[in-house]
Amino acid sequence: MTNDVQQAITLLQNAQHICVLTGAGISAESGIPTFRDKQTGLWENFRAEDLASIEAFERDPKMVWSWYQWRRNLVKDKQPNPAHHALASLQQWAKTQGKTLSLITQNVDDLHEQAGSQVTHLHGHLWKNKCSQCDVAYQGDIDYSQDALVNCPECEAYIRPDIVWFGEMLPSGAWQYAEQASADCDVFISIGTSSLVYPAAGLSQLAKSQGAKLIEINLHPTQNPLIDVVLAGKAGEVLPTLSAALL
């Protein structure tokens, strides 16, 4: 066991409140392309940024809806990897020890839930939908094999994915929870995120400003000078090691 891993274990053992932020890297280990990966197939001539905005949806709702249906079909058969399962185990361990482990994700898939974790989504949820006009959650069935537009039963506007698009605010309840968990934690763990997308990237800075120790788990470390412990490697290898040492 390396000194860095042992240091991380000691920090977690001594912490009362732990906050974990996960990004695209943890889902990539389950075979889910990151948002910034090059598009493939029918979408190879589009940038993801040009498809994930209210302006794009207003301009061509069918195209945007079709892209999300394509993404859903890419994701639907993906399974949680060892990192997801280790986080679920760590969350349960924290509970039995009288600690708290707040899990926050920038990802829109449901792999954390599949693994058994309680998680707060900052950027929405790929499998949820809402009205593009009246904002009411859409509870009807969606045939994800079809790309036909769906109308809101309340106002007849088009249904859109319940995902935070470029230029939109994060859901207030989720963001308030994330800020509070970051401000209150003793240890903040950043996993598989580039720390470039704000406001989520500011959570580690908030935690640090309140005295928390920062741990980064990343295949490609960010070189952030605020980080106290860097665990370079796949989350699916690093997290099970931490979990096994604590359980």
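Peer 1: I'm lost on helix 9 (residues 235–246) in this one. Help?
Peer 2: Because an α-helix completes one turn every 3.6 residues, residues spaced three or four positions apart along the sequence face the same direction. Between the first and last C-alpha of helix 9 there are 16 Å, a value that for 12 residues agrees with the 16 Å anticipated at 1.5 Å per step. Along helix 9, the residues that are buried comprise A235, G236, V238, L239, L242, S243 and L246. For helix 9, the angular spread of the buried residues around the axis is 165°, confining them to a single face. When the buried face of helix 9 is taken as reference, the exposed residues oriented beyond 90 degrees from it are E237 and A244. At its buried positions, helix 9 is contacted by helix 1 (3–14), helix 2 (24–28), helix 5 (82–96), strand 6 (187–191), strand 7 (213–218) and strand 8 (229–232).

Peer 1: What is the right way to read the packing of aromatic side chains from this model?
Peer 2: We describe a pair of aromatic rings using the distance from one ring centre to the other and the angle between the two ring planes. Inspection of every chain in the model, using the stated rule, returns 4 aromatic pairs. Geometrically, the ring pair formed by F57 and W165 is tilted, given 5.6 Å between the ring centres and 40° between the ring planes. Taken together, the positions of F57 in helix 3 (residues 54–59) and W165 in the loop between strand 5 (159–163) and helix 7 (172–184) put the pair 108 residues apart, joining distant regions of the chain. Each member of the pair, F57 together with W165, is buried. Ring centres 4.9 Å apart and planes at 70° place the aromatic pair W67 and Y68 in the edge-to-face group. Judged by its relative accessible area of 1%, W67 is buried. Taken together, the ring pairs in this structure connect F57, W67, Y68 and W165 into an aromatic cluster. When the ring centre of W165 is taken as origin, the NZ or CZ atom of R160, which lies over that ring, is 3.7 Å away.

Rules used throughout
Residues numbered from 1 in each chain as written. Predicted model: local features only at pLDDT ≥ 70, side-chain atom pairs only at ≥ 80, totals over all residues. Heavy atoms only, no water. Helix = DSSP H or I, 4+ residues; strand = E, 2+ residues; numbered from the N terminus. Expected span 1.5 Å × (residues − 1). Buried < 20%, exposed > 50% of the residue type's maximum accessible area, 1.4 Å probe, protein only. Arc of directions from axis to C-beta. Contact = heavy atoms within 4.5 Å. Phe/Tyr/Trp six-rings, centres within 6.5 Å; stacked < 30°, edge-to-face > 60°. Lys NZ or Arg CZ within 6 Å of the ring centre and 35° of its normal.

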